Amino acid sequence: MERMAADKLIFHKTCFCCKHCKKKLSHQSYAPLYGEFYCVFHYQQLFRRKGNYDEGFGRQQHKDRWLQRNGTDVI
């Protein structure tokens, strides 16, 4: 079987696919985020949905995590 390396990980060529649509990815057509891989189309689409990389991909916003750690509120 052929293998691919992406972000210091090794995949079977057939297993390297978009988390959202399961489309097969290549070195020129993927975008990594938090250890997960997306096709460029869905990476951009999920970003546009909420306007940031955290919320658009189902994670808590980075600024909210920072505020919780510091115990301060923004008014």
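Parameters and conventions
Residues numbered from 1 in each chain as written. Predicted model: local features only at pLDDT ≥ 70, side-chain atom pairs only at ≥ 80, totals over all residues. Heavy atoms only, no water. Helix = DSSP H or I, 4+ residues; strand = E, 2+ residues; numbered from the N terminus. Buried < 20%, exposed > 50% of the residue type's maximum accessible area, 1.4 Å probe, protein only. Contact = heavy atoms within 4.5 Å. Salt bridge = Lys/Arg side-chain N within 4 Å of Asp/Glu carboxyl O.

The name recorded for the protein chain in an unreviewed UniProt entry is LIM zinc-binding domain-containing protein, from Phoxinus phoxinus.

Caption draft 1: Fine view of the side chain of His42. In this fold, His42 is placed in helix α1 (residues 40-50). By relative accessible area, which is 13% here, His42 ends up buried. Excluding residues within four positions of it along the chain, His42 makes contact with Cys18, His20 and Cys21.

Caption draft 2: The pattern of salt bridges, seen in detail. As enumerated under the stated definition, the model contains two salt bridges in all. Notably, a salt bridge pairs Lys13 with Glu2, separated by 3.5 Å at the nearest N-O pair. Separated by eleven residues along the polypeptide, Lys13 in the loop between β2 (9-12) and β3 (30-33) and Glu2 in the segment before β1 (3-6) bring together distant segments of the chain. Judged by relative accessible area, which is 53%, Glu2 ranks as exposed. Here Lys19 ties to Glu36 by a salt bridge, and the two come within 3.0 Å at their closest N and O atoms. Of the two residues, Lys19 is situated in the loop between β2 and β3 and Glu36 in strand β4 (residues 36-39); the sequence distance between them amounts to 17 residues. By relative accessible area, Lys19 is classed as partly exposed at 42%.

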